[in-house]
Amino acid sequence: MEQRGTGDRTAQGGTGSGGDGFDFRRSTFHGPVTGKIAHYHEPSRPAAAWPHQVGAIPAQAAGFQERAETVLLNSALILRGATGVASATPTAVLAGLGGTGKTQLAARYARTVWQSGELDVLVWVAAAGASAVISSYAAAATELLGSTSPVDADQAATAFLAWLEPKAGQRPCRWLVVLVDVTDPDHLRGLWPPASPTGFTLVTTRSREPALLADRQLIPVGVFSPAESLAYLNAVLATHGLAEPHEEVAALAHDLGHLPLALSQAAAYVAELSDVGMNCVRYRRLLSDRATALDDTAPARRPDGQREAVAATWALSIERADALRPVGLARPLLQLASFLDGNGVPDAVLVSAPARAYVTRHRGTSRTPASFDEAQASTSGDAVAGPSAAPSTTDGLLSERDVLTSLSILRRLSLMDRPTDAVAAEVRVHQLVQRAVRDSLTGPHRDDAARAAADALAATWPYVERDTSLARLLRDNTAALASCAEDGIYRPRAHAVLFRAGRSLGKCGQVTAARDYHRRLVTSTANRLGRDHPDTLTARYGLARWTGQCGDAVGAAAIFSELRDDMERVLGADHPDTLGARHNLAYSWGQAGDVAGAAAAFAELLEDRSRVLGPDHPHTLDTRSNLARWRGEAGDAPGAAAAFAKLLGDRTRVLGPDHPHTLSTRNSLARWRGEAGDVAGAAAAFAELLEDRIRILGPSHPHTLSTRANLAYAWGADGGCGEGGNGLFRTPGRHGPGAGPRASFHSHHPGNPG
């Protein structure tokens, strides 16, 4: 019924013929209202007949691949013809990273059961927000309830949900409601379809929040397998009349992390520009070019009705994560992780003090919404946190608890993942998510994130690497950081973690890898900082050191000789680093067989170190130890024994009787006493040293075991073996394990910041 006025009256009370009277004296209406009443009746609208579909199912993508998730989905939602549905749960949730093909899997399932005649009603809902769900439900009510559907959208949505409820005495309805791209469980509060023996709900989402998964079956959706990626790319390229070599297609799939959305857009890009020579090889070059943003690798026309380029796919998920309590932490955490190894970032790195300092600096950084729809969503009244949700801080830094909570949020929104085969607490991030996040950072912000990631790695790295798995993860993360940070970790100095990773390789026994790593590091530092920069000199030192450890003493000596000359020119002859280079050059000469040259070089170095550093400086004492050793190797065993005896007194005075270097000096003294012919004295010295090493280091320490072995050799030599026994004695002295620093590179590294 509509009421309509046909006339008016003036404010002074005048009347108009045949019209309504309006009297607004003193702002109050007075008087009767008269008029004509007109009744309008809409024609009766019948309810739609079954089977009936509401909403359009997206078209199947070109090259669609049947996947393991399809089997899981079919087993979760088993439709049994006219008898209805049988399953343990009425709702299945397809959850995974944006771009993994969740919507296509849902569409394939819905289309299959619809076309097979197993459904009476299918409702496809774009569920990005509560208002979108209500609107779709209201449309379904209008079509399925006919004229009995309420006009008000909220009431119509409620009527539709009530209609889905099974009712005694009525024909059962086999229905399927598909809720696509649910971003927030709160959007479905009061809007979940009811449990029904003849109905099912299928949800696609990037979220794994508990409120969304409660009493519902989760079906994780990951990326394609390598075989699926290869089949997909070949199929799509074939539709454009293109064929690429198997190995290049496989390599492209690998570079894209087997992400279905990225594969789709890459294939479209190649096809779009194939007439000007674009192919998989050139696309891979474009993708690897750091100067090319991920957005620039998207085709002008996106395939299969896709709305977003790969780079924008995760924007709303990041926005959602950043809005959840603790507010504003998810985005900067993801920025840090984007510079690290996507195959495994230790939690310890992301909760370290440098990481928390970075997140503290950048939490809640304002950002322009990626689209109008995003801006609307951010002001739609669905806010998830307010000012009261501010993260807690301790001494100006966020708490570890807040960071771990934010990591959990990122995992729940599929922006990170917790690998099931991880040997340590770690998270994974898809490489294209990392690329998109890095692309969003420019200038100082990008460099700040890179250096913060480096600081976090360095802070996490233990001085003694007892956990080999953690050490491997840290090396892998340093390599990933170096590959994408560009100049960010070389300005103003090469970051300490670059040198730490190289030493870690060598210390764990991978000496060849350590040598090759330092060769690359020399190139990187020289290109960015110059050949004479202190960090380049440090890298060259590492190259020389690990070249020697690989058994190439001659090559190590050549590098140290050149390094010594450059250090004298750049730093000065008396600089500690120059003296260190001379020390290692002399040692390399001895290792290469020039024992007389080594002894002479150490004698000359001893004078300079005594003058520059003082006679009791640890480096001066190290030089005396090496001089004594190489004198002995040159044939002066009595002179070596006398020198070690004097050194033992000074080290005991300076370092103390239980210091490792003091114990090593006792080991060397015993050895050279034996070499000089006093085998009984050597055996007695080794026996006494063994007792002290057991007391100080324990019975199983490598140095304790080597002392036990040396004692056994000495006892054998003292047992009347004659000249042959003395030769046997020399073997552990030169080649026996763990005798301490008597035959090792000097521990001082020039300029090494690590």
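Heads up: the structure comes first, above all this text.
Residues numbered from 1 in each chain as written. Predicted model: local features only at pLDDT ≥ 70, side-chain atom pairs only at ≥ 80, totals over all residues. Heavy atoms only, no water.

### Let's talk about the overall build of the protein chain
Looking only at helices and strands, one finds 30 helices and 14 strands in the protein chain. Each of the 754 residues in the protein chain was classed as buried or not, and the buried ones make up 48%. Within the protein chain, counting contacts between residues at least 6 apart in sequence, those at least 24 apart form 70% of the total. About 34000 Å² of surface is accessible on the protein chain, with carbon and sulfur atoms providing 53% of the total. (Helix = DSSP H or I, 4+ residues; strand = E, 2+ residues; numbered from the N terminus. Buried < 20%, exposed > 50% of the residue type's maximum accessible area, 1.4 Å probe, protein only. Contact = heavy atoms within 4.5 Å. Areas by Shrake-Rupley, 256 points an atom, 1.4 Å probe, with all protein chains shown as cover.)

### Quick word on the nonpolar core
With 88 residues, the main nonpolar core has Leu-256, Trp-314, Phe-339, Leu-415 and Leu-481 as its most contacted residues. Ignoring sequence-local partners within four residues, the contact set of Phe-339 consists of Arg-438, Leu-441, Arg-446, Ala-449, Ala-450, Ala-453, Ala-480, Leu-481, Cys-484 and Ala-485. Of all hydrophobic cores here, the second largest spans 31 residues; its members include Ala-141, Leu-161, Val-182 and Leu-212. (Core = buried A, V, L, I, M, F, W, Y, C linked by side-chain atoms within 4.5 Å.)

### Quick look at the pattern of salt bridges
Throughout the structure, instances matching the rule amount to 39 salt bridges. Asp-120 is the salt-bridge partner of Arg-174, the closest N and O atoms lying 3.1 Å from each other. Of this pair, Arg-174 sits in the loop between helix 4 (153–164) and strand 8 (175–182) while Asp-120 sits in the loop between helix 2 (102–115) and strand 7 (121–126); the two residues are 54 residues apart in sequence, bridging distant segments of the chain. For Asp-120, a relative accessible area of 6% gives the class buried. As a salt-bridge pair, Arg-671 and Glu-675 come within 3.7 Å of each other at their nearest N and O atoms. Taken together, the residues span about one helical turn, with Arg-671 and Glu-675 both in helix 27 (residues 660–675) at a distance of four residues. (Salt bridge = Lys/Arg side-chain N within 4 Å of Asp/Glu carboxyl O.)

### Side note on unusual backbone geometry
Following Arg-325, the chain continues into Pro-326 via a peptide bond in cis, with omega recorded as -5°. Position of Pro-326 among the secondary structure elements: in the loop between helix 10 (315–323) and helix 11 (330–337). The omega angle of the peptide bond from Arg-491 to Pro-492 is 0°, so this bond is cis rather than trans. Relative to the assigned elements, Pro-492 resides in the loop between helix 18 (468–484) and helix 19 (496–507). The residue Asp-181 is not glycine, and still its phi comes out positive at about 65°. In this structure, Asp-181 sits in strand 8. Accessibility expressed as a relative area gives 24% for Asp-181, which makes it partly exposed.

### So, the sheet that holds strand 3 (residues 52–54)
Pairing in this open sheet of six strands is parallel, and the strands run 3-7-8-9-6-10 from one edge to the other. Either end of the sheet is taken by a strand with one partner, and the two such strands are strand 3 and strand 10 (217–220). Sheet twist, expressed as the average angle between the axes of neighbouring strands with direction ignored, equals 15°. Sheet topology note: the strand 3/strand 7 ladder contains three bridges and is parallel. Residue pairing in the sheet places His-52 in a bridge with Val-121 of strand 7. (Pairing = 2+ DSSP bridges. Axes fitted to C-alpha atoms, helices over the stretch in contact; angles between N-to-C directions.)

### Describing the side chain of Ser-229
Relative to the elements of secondary structure, Ser-229 occurs in helix 6 (residues 226–239). Leaving out residues up to four positions away in the same chain, Ser-229 has contacts with Phe-224, Ala-253, His-258 and Leu-263.

### Thoughts on the pairing of strand 6 (residues 91–95)
Of all the five residues making up strand 6, five are buried; the element is thus mostly covered by neighbouring parts of the structure. On strand 6, burial covers both faces: Thr-91, Val-93 and Ala-95 on one face and Ala-92 and Leu-94 on the other are all buried. Bridge analysis of strand 6 against strand 9 (residues 199–205) gives five bridges, and the strand direction is parallel. Residue pairing across strands places Ala-92 opposite Leu-202, the latter belonging to strand 9. Sheet topology places strand 6 next to strand 10; four bridges connect them, and they run parallel.

### Notes on helix 7 (residues 246–255)
What helix 7 keeps buried is the set Val-249, Ala-251, Leu-252 and Ala-253. The secondary structure elements touched by the buried residues of helix 7 are helix 6, helix 8 (260–272) and helix 9 (280–288). Directly beyond the C-terminal end of helix 7, a positive phi value near 65° is found at Gly-257.

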